[in-house]
Amino acid sequence: MSNPIRVAISGAAGQIAYSILFRIASGQLFGKDRPVHLNLLEIPQAMNALSGVAMELEDCAFPTLAGLTLTDQAEVAFDGIHWALLIGSRPRGPGMERADLIRINGPIFVGQGKALNRSADDVRVVVVGNPCNTNCLIAMNNSDVPNDRFSAMMRLDQNRSKALLAGKSHLPITAVSHMVVWGNHSNRQYPDFENARINGRPATELITDTAWLRESFVALVQERGAAVIKARGLSSAASAANAAMDHVTALIEPTADNDCFSAAVCSHGAYGVDAGLIFGLPLRTRANGTQEVVEGLALSPWAQEKFNIVLNELRTERDVVKDLL
Ligand code: NAD
Ligand code: LMR
């Protein structure tokens, strides 16, 4: 077995963590032949609960789990790590928007951004805690880690979009590709059905109900998180953990067959997005494990309007946290 990959997970006693930790520890994410050392970060009040999670991890006797570090200090959690999954932050409740959390959760990512300077040279940072795009912006701006190593999760939105298009067309999920979700993990995100493909053909050739696509589909994806909260009384956890697994895998494995995936990354100006914003874009992972933005996707005037709405939302969020950048 090779040297352990070191993975930090914040919010490790929380709900999403409870759905992802066991999958990572079992070797499902980094491979059955790659031992993993988990650095579990929590706030002091949750350290007792975290010790129970650690007991359960130990009791699974996973051959790939090389070790656990439990801490309430970000500097300890991020020391020498190769991956940081920044989940720890407050979830919204019924009737709230994710942006309502911005001044509650944003400050967490100032200190954590600085603490990331202790990580390994090749660290990759994935922000899940909401509002994840702007929290990622804060962490990135407070860290010396290169900007291209930060991303925020749009994958749950991509997965929700694919599930809806597959269901509507009565085809398997695997038939849906090129599912881009532009912009922000918010209710103004734009899930781009015009560029999506089903069985390699434009989705709009198989689903010809334009009213459903423009109104129902887009709104269902935008409001899915709120619908889960309304029904469950708690925000999505297992599907969020699953999306985080998919997100990391997409960053590691070369993207197949001319497809692309969605993640929010630091803009370099493609599609007219302000440089430096953390914006959901179509990406491909090259054979060497780096990412490129897929350029040249066409947006109809209708879609461009949706795109501009979410771009302006992220500009506003950036202004709201400018003292934290
Ligand atoms: P949770 O309340 O169950 O767990 C959050 C954990 O974070 C808690 O144990 C808490 O003690 C811990 N925490 C808070 N501040 C921390 C800090 N400074 N350092 C370390 N840990 C800290 O919440 P959850 O359901 O696991 O959700 C976590 C976050 O993920 C929320 O902000 C939620 O909105 C977000 N989320 C994002 C997506 C997405 O697609 N991006 C999807 C689902 C949930
Ligand atoms: C989701 O999309 O399910 C999460 O971001 C949780 C939320 O607040 O909606």
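Please refer to the structure higher up on the page.
Residues numbered from 1 in each chain as written. Chains lettered and ligands numbered in written order. Predicted model: local features only at pLDDT ≥ 70, side-chain atom pairs only at ≥ 80, totals over all residues. Heavy atoms only, no water.

**Considerations on the site of ligand 2**
Next up, step 1: The local shell around ligand 2 consists of Arg92, Arg98, Asn130, Leu156, Arg160, His185, Gly225, Ile229, Ser235 and Ser236.
Next up, step 2: With respect to ligand 2, the side chain of Arg92 contributes an N or O atom lying 2.6 Å from an oxygen atom.
Next up, step 3: With respect to ligand 2, the side chain of Ser236 contributes an N or O atom lying 2.7 Å from an oxygen atom.
Next up, step 4: In isolation ligand 2 exposes 260 Å². Once the protein is present, 95% of that is buried.
Next up, step 5: Of all the elements in the fold, those that place two or more residues in the shell around ligand 2 are helix 7 (155-169) and helix 10 (224-232).
Next up, step 6: When its residues are assigned to classes, the shell around ligand 2 shows two nonpolar, five polar and three charged.
Next up, step 7: When residues are assigned to domains, the shell around ligand 2 turns out to be shared by domain 1 (5-152) and domain 2 (155-322), each giving three or more. (Near = heavy atom within 4 Å. Polar contact = N/O pair within 3.5 Å; in protein donor to acceptor, adjacent residues only side chain to side chain. Areas by Shrake-Rupley, 256 points an atom, 1.4 Å probe, with all protein chains shown as cover. Helix = DSSP H or I, 4+ residues; strand = E, 2+ residues; numbered from the N terminus. Nonpolar A, V, L, I, M, F, W, Y, C, P; charged D, E, K, R; others polar. Domains from an automatic or database assignment.)

**Notes on the environment of Gln222**
Next up, step 1: Take Gln222: it is sitting in helix 9 (residues 210-222).
Next up, step 2: Look at Gln222 and you get buried, because its relative accessible area is 14%.
Next up, step 3: Taking the C-alpha atoms as reference, Gln222 lies 9.5 Å from Ser161; in sequence the two are 61 residues apart.
Next up, step 4: Residue contacts for Gln222: discarding those within four places in its chain leaves Ser186, Asn187, Arg188 and Gln189.
Next up, step 5: Reaching out from Gln222, the side chain makes a polar contact with the backbone oxygen of Gln189 at a distance of 2.8 Å. (Buried < 20%, exposed > 50% of the residue type's maximum accessible area, 1.4 Å probe, protein only. Contact = heavy atoms within 4.5 Å.)

**Brief notes about the site of ligand 1**
Next up, step 1: Taken together, 26 residues lie around ligand 1, and Gln15, Glu42, Ser89, Val128 and Asn130 are the ones closest in.
Next up, step 2: Taking Gly11, its main chain carries an N or O atom lying 3.3 Å from a nitrogen atom of ligand 1.
Next up, step 3: Contact distances for ligand 1 include 2.8 Å between an oxygen atom and a side-chain N or O atom of Asn130.
Next up, step 4: Mapping ligand 1 onto the cavity grids shows that it belongs to the largest pocket.
Next up, step 5: For the shell around ligand 1, the secondary-structure elements that each account for two or more residues are helix 1 (15-25) and helix 5 (108-115).
Next up, step 6: Of the residues contributing to the shell around ligand 1, the split by class is 13 nonpolar, eleven polar and two charged.
Next up, step 7: Residue assignment places the shell around ligand 1 across two domains, with domain 1 (5-152) and domain 2 (155-322) each supplying three or more. (1 Å grid on protein atoms, 1.4 Å probe; cavity = no way out; pocket = protein on both sides within 12 Å on 5 of 7 lines; lining within 4 Å. Sits in = over half its atoms within 2 Å of the grid points.)

**Things to note about the packing of aromatic side chains**
Next up, step 1: Counted according to the given criterion, the structure contains ten aromatic pairs.
Next up, step 2: Pairing Trp182 with Phe307 gives two aromatic rings, centres 5.3 Å apart and planes at 65 degrees, and the pair type is edge-to-face. Here Trp182, found in strand 8 (residues 180-182), pairs with Phe307, found in helix 12 (residues 301-320); they are 125 residues apart in sequence, far enough to count as distant. Here the two residues Trp182 and Phe307 agree in accessibility, since each one is buried.
Next up, step 3: Measuring from centroid to centroid gives 5.2 Å for Phe279 and Phe307, while their planes differ by 50 degrees, and the two rings are tilted. Taken together, the positions of Phe279 in strand 13 (residues 278-285) and Phe307 in helix 12 put the pair 28 residues apart, joining distant regions of the chain. When sorted by exposure, Phe279 lands in the same class as Phe307, which is buried. (Phe/Tyr/Trp six-rings, centres within 6.5 Å; stacked < 30°, edge-to-face > 60°.)

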